[in-house]
Amino acid sequence: MRFNMNRNFTDNQNAIVHEKLLHMLVQSLQPLSFVESEGFQGLMKFLEPVYTLPDKKLLQDMLLNMYEAGKVKLMSTLAEDAPHYSVVYDLWRNNDQECYMTVIIHYLNDQWERKSWVLGTEQLSQLRATGNEIGNCISSLLLMYNLPLQGLVGTVYRQGMLKSQMGRIGTLLACESMSCAAEKLDMCVQAAFAIPEIRDVIDKAGKLANYLIHDDGARRILQEMKEVDGFTHQVELAQDHKGSWVATCNMLMKLIALKEEIEKVSDQDIKNKQLYLSEEKWALIELLMNSLQILKAALTVMSEDKTGSVSCLLPVVHSILQHCEDSSHAKNSPMDNFLKTIGKETREKWDLTAILPSSIPMLAALLDPRFKKLKFIAEEDKGDVFDALKGVLGTIKVAGTDGTTNSNSQDLSPFLCLFGGTEEYTQERQDTDSEITNYTNFPMLRHECCPLDWWRVNQGRFPELAKLARQYLSVPAIALPVKEIKAGAWQLDMKRGLLEVEAAGPLIFMNHNWALY
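Residues numbered from 1 in each chain as written. Predicted model: local features only at pLDDT ≥ 70, side-chain atom pairs only at ≥ 80, totals over all residues. Heavy atoms only, no water.

Trainee: Help me understand the overall build of the protein in this model?
Mentor: Looking only at helices and strands, one finds 23 helices and five strands in the protein. Scored against the burial criterion, the 517 residues of the protein give a buried share of 51%. Surface exposure of the protein reaches about 24600 Å², of which carbon and sulfur atoms provide 52%. (Helix = DSSP H or I, 4+ residues; strand = E, 2+ residues; numbered from the N terminus. Buried < 20%, exposed > 50% of the residue type's maximum accessible area, 1.4 Å probe, protein only. Areas by Shrake-Rupley, 256 points an atom, 1.4 Å probe, with all protein chains shown as cover.)

See the structure below:
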């Protein structure tokens, strides 16, 4: 927006630019004090000399007004959409070492669409936050939005920079509590990265990538080699970010893609020969990449916006363990030790022997048509999971217990209306055992397909199971958006740490809930 610089802004024009400025701060999660920085003020003076920047107090008043309006809209949305839901809480500190918790609600609406909204950000005690304090804060937020506690299916938490003692939060909130799968996976990978030979090759690869990116001579030679080899899609090297194993994986992958070109550069760059990798190092990187790609795929499956949920957790953990334990590498070689460490850490972090048949990850997997055969557990244990499902179906208080389908599911299944015939709606209600048996015998869904689309089409066929699936498949496996995890969750912690105390909650609320506005 550019105005005539020969006159002053009108009040309306000022208000428009003020609002755009606030939008920028919200969407980039910047502190309100950003507008007081000398560099930003100089830029705005150059772009619009007749525009007067608002002070921090005016922006804060605008922010709080929008925040309050957003809470009203969210309350109305949740009243219509979220009879059952799960909660994610993320713990972090600001630069003054004050403790905060951001709480996010997750649910599936009656169209089987995933929804997530920030409910609020609460400041915790200066001391180590206790489970009771965290549980009480969550309960207060649920009460504020008129969300019934009996609708809470489960909680997922990320300890982040706080490293709090969780206590008995699940007991306090009368639901199952789980830790963020991405945070656990990060701990497993970081433990394996600490193996001296692995740490050494990653450090050397990172130094080489950094050199090839920033040294003018080496970068020019590499570009020439790429042109000679006819790269149709230009591969650009990436730097390593120590706080993100995914970034390390990306750095190694791009190095390997340019291995031949980099070796040609090393033949000409005699003076810096010590920076380049030996054949032994290259071989180890390629082996390491094969395993890191498996782990990266595991993270992607669990965090996929539409198909990822806690239903993927146990199948993914099983696949990771299979990869680690089927290793054919020489005993005590760097890769053998790497995979042994990943496997050991995975078993310890998830404590698979303690997972009950009635747990959320187990029942969610059973209610996911991709994983309902439960191939990740022993055959003799499957009966206990089915018994647990029958028990939940028999005792849980869900809407529509009179046998009717909740939320007009007949209207929500256009595929059945077109292709399934009216018998889908006129058949007599199945008993619990028959419905579970028919669901189990129904063809499995391919792993790459969306279970939510499947349930949207088939909820009329399995009405009672559909009610449970809508609850259990709403629980996420991870506590942060995958883009934050891949960039390094610590970067988000540092960004939030810069926010002013009085504006942190509203800024985080509006940043995540921008669709409300």
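Trainee: Quick question: what am I supposed to make of the pattern of salt bridges here?
Mentor: It is possible for side chains bearing opposite charge to pair when their charged atoms get close. Throughout the structure, instances matching the rule amount to 28 salt bridges. Asp-200 is paired through a salt bridge with Lys-204; the nearest N and O atoms lie 3.0 Å apart. Placement of both Asp-200 and Lys-204 in helix H7 (residues 196–214) is noted, with a separation of four residues, approximately one turn of the helix. Classification of Asp-200 as partly exposed rests on a relative accessible area of 29%. Here Lys-204 falls in the partly exposed class, since its relative accessible area comes to 37%. (Salt bridge = Lys/Arg side-chain N within 4 Å of Asp/Glu carboxyl O.)

Trainee: What am I meant to see in the packing of aromatic side chains here?
Mentor: Remark: the centre distance and the inter-plane angle together describe each pair of aromatic rings, the angle taken between the planes. If you walk through the whole model with that rule in mind, you get 16 aromatic pairs. Arranged with centres 6.3 Å apart and planes meeting at 90 degrees, the rings of Tyr-211 and Tyr-276 form a pair that is edge-to-face. Of this pair, Tyr-211 sits in helix H7 while Tyr-276 sits in the loop between helix H10 (259–268) and helix H11 (279–303); the two residues are 65 residues apart in sequence, bridging distant segments of the chain. Here the two residues Tyr-211 and Tyr-276 agree in accessibility, since each one is buried. Both rings, one in Tyr-439 and one in Trp-455, keep their centres 5.6 Å apart while their planes meet at 25 degrees; by these two values the pair is stacked. Note that Tyr-439 is positioned in helix H18 (residues 432–441) and Trp-455 in helix H19 (residues 451–458), a separation of 16 residues in sequence. The two residues Tyr-439 and Trp-455 agree in class, both being buried. Each member of the aromatic cluster is reached from another via a ring pair, and the members are Trp-112, Tyr-439, Phe-442, Trp-454, Trp-455 and Phe-462. Across the ring face of Tyr-439, the terminal group of Lys-372 is positioned such that the distance to the ring centre comes to 4.7 Å. (Phe/Tyr/Trp six-rings, centres within 6.5 Å; stacked < 30°, edge-to-face > 60°. Lys NZ or Arg CZ within 6 Å of the ring centre and 35° of its normal.)

Trainee: Explanation requested: helix H13 (residues 334–350) in the structure shown.
Mentor: Note that an α-helix has 3.6 residues per turn; residues three or four places apart therefore point the same way. An ideal rise of 1.5 Å per residue puts 24 Å on 17 residues; H13 measures up with 24 Å between its terminal C-alpha atoms. Taken together, the buried positions of H13 are occupied by Met-335, Asp-336, Phe-338, Leu-339, Thr-341, Ile-342, Gly-343, Glu-345, Thr-346 and Trp-350. Against helix H6 (181–193), H7, H11 and helix H12 (313–325) lie the buried residues of H13. Looking one or two residues past H13, Asp-351 carries a phi angle of roughly 45 degrees, positive in sign. (Expected span 1.5 Å × (residues − 1). Contact = heavy atoms within 4.5 Å.)

Trainee: Which parts of the structure should I look at to understand a nonpolar patch on the surface?
Mentor: Together, Leu-43, Phe-46 and Leu-47 make up an exposed nonpolar region whose accessible area comes to about 320 Å². Overall, the relative accessible area of 36% leaves Leu-47 in the partly exposed class. (Patch = residues over 30% accessible without salt bridge, like charges linked within 9 Å, V, L, I, M, F, W, Y side chains within 5 Å.)

Trainee: What is the right way to look at the sheet that holds strand E3 (residues 114–123) in this model?
Mentor: Consider a sheet: its strands pair through backbone hydrogen bonds, and that pairing is either parallel or antiparallel. Strand order in the open sheet formed by five strands is E3-E2-E1-E4-E5, and the pairing between neighbours is mixed. Of all the strands in the sheet, the pair left with one neighbour each is E3 and strand E5 (176–179). Taking each pair of neighbouring strands and ignoring which way they run, the sheet shows an average axis angle of 20 degrees. Sheet analysis places strand E4 (residues 152–158) next to E5, joined by four bridges and oriented parallel. From the neighbouring strand, Gly-154 faces E5, where its bridge partner is Glu-176. Helix H23 (residues 501–512) rests against strand E1 (85–93), strand E2 (99–108) and E3 of the sheet, and its axis sits at about 180 degrees to E3. (Pairing = 2+ DSSP bridges. Axes fitted to C-alpha atoms, helices over the stretch in contact; angles between N-to-C directions.)

Trainee: Where do I start with the nonpolar core in this structure?
Mentor: In summary, soluble globular proteins display a tendency toward joint burial of nonpolar side chains. Membership of the largest hydrophobic core comes to 158 residues, with the highest contact counts inside it found for Leu-78, Ile-262, Leu-292, Phe-338 and Trp-455. With 10 residues, H11 is the largest single contributor of residues to this core. Once residues lying within four places of it in the same chain are set aside, the contact partners of Phe-338 are Ala-192, Phe-193, Ile-195, Ile-198, Leu-288, Ser-291 and Leu-292. (Core = buried A, V, L, I, M, F, W, Y, C linked by side-chain atoms within 4.5 Å.)

Trainee: What am I meant to see in the packing of H12 against H13 here?
Mentor: Any two packed helices are characterised by how steeply their axes cross, that is the angle between the axes, and by the distance between the axes. Two numbers describe how H12 lies on H13: the axes approach to 8 Å, and their chain directions differ by 150 degrees. Overall, the two elements H12 and H13 adopt an arrangement that is roughly antiparallel. Both H12 and H13 take part in a crossing whose hand is left-handed. On the side of H12, the interface is formed by Leu-313, Val-317, Ile-320, Leu-321, His-323, Cys-324 and Glu-325, while H13 contributes Leu-339, Ile-342, Gly-343, Thr-346, Arg-347 and Trp-350. Tallied by class, residues from the contact of H12 with H13 come to eight nonpolar, three polar and two charged. (Parallel < 35°, antiparallel > 145°, perpendicular 65-115°, else oblique. Left-handed = near helix turned anticlockwise from the far one by under 90°. Nonpolar A, V, L, I, M, F, W, Y, C, P; charged D, E, K, R; others polar.)

Trainee: Any chance you could explain helix H3 (residues 56–81) here in plain terms?
Mentor: Its 26 residues give H3 an end-to-end C-alpha distance of 36 Å, which sits within 8% of 38 Å, the value for a rise of 1.5 Å per residue. Among all positions in H3, only Leu-59, Gln-60, Met-62, Leu-63, Met-66, Tyr-67, Gly-70, Lys-71, Leu-74, Leu-78 and Asp-81 are buried. For H3, the secondary structure elements touched by its buried residues are helix H1 (11–27), E2, E3, helix H4 (131–144), helix H20 (463–472) and H23.

Trainee: What exactly am I supposed to notice about the environment of Lys-273 here?
Mentor: Checked against the element boundaries, Lys-273 lands in the loop between H10 and H11. Taking relative accessible area as the criterion, Lys-273 reaches 41% and is therefore assigned partly exposed. Excluding residues that lie within four positions of it along the chain, Lys-273 makes contacts with Ser-266 and Asp-267.

Trainee: Where do I start with a negative patch on the surface in this structure?
Mentor: A cluster of acidic side chains, namely Glu-380, Asp-381, Asp-384 and Asp-387, defines a negative patch on the protein surface. Relative to the assigned elements, Asp-387 resides in helix H15 (residues 379–395). (Lys, Arg positive; Asp, Glu negative; His and termini not counted. Charge placed at Lys NZ, Arg CZ, Asp CG, Glu CD.)

Trainee: When you look at the packing of H15 against H18 in this model, what are you seeing that I'm missing?
Mentor: Across the interface, H15 lies against H18 with an axial gap of 11 Å and an inter-helix angle of 135 degrees. In this view, H15 runs oblique relative to H18, as classed from their interaxial angle. Viewed along their axes, H15 and H18 form a crossing whose handedness is right-handed. Of H18, the residues touching H15 (which contributes Phe-386, Leu-389, Lys-390 and Leu-393) are Thr-432, Asp-433, Ile-436 and Thr-440.

Trainee: Explain the side chain of Ser-333 here, please?
Mentor: Within the secondary structure, Ser-333 is located in the loop between H12 and H13. Of the polar contacts made by the side chain of Ser-333, one reaches the backbone oxygen of Ala-330; its length is 2.7 Å. (Polar contact = N/O pair within 3.5 Å; in protein donor to acceptor, adjacent residues only side chain to side chain.)

Trainee: Before we go on, may I ask you to explain the side chain of Glu-261 in this structure?
Mentor: Following the sequence through the fold, Glu-261 ends up in helix H10. Of the buried charged residues, Glu-261 lacks a salt bridge, with Lys-264 as the closest side chain of opposite charge at 5.2 Å.

Trainee: What is the right way to read the pairing of E3 from this model?
Mentor: Regular strands place their side chains on alternate faces of the sheet. When E2 meets E3, the two strands line up antiparallel, connected through nine bridges. From the neighbouring strand, Ile-104 faces E3, where its bridge partner is Val-118.

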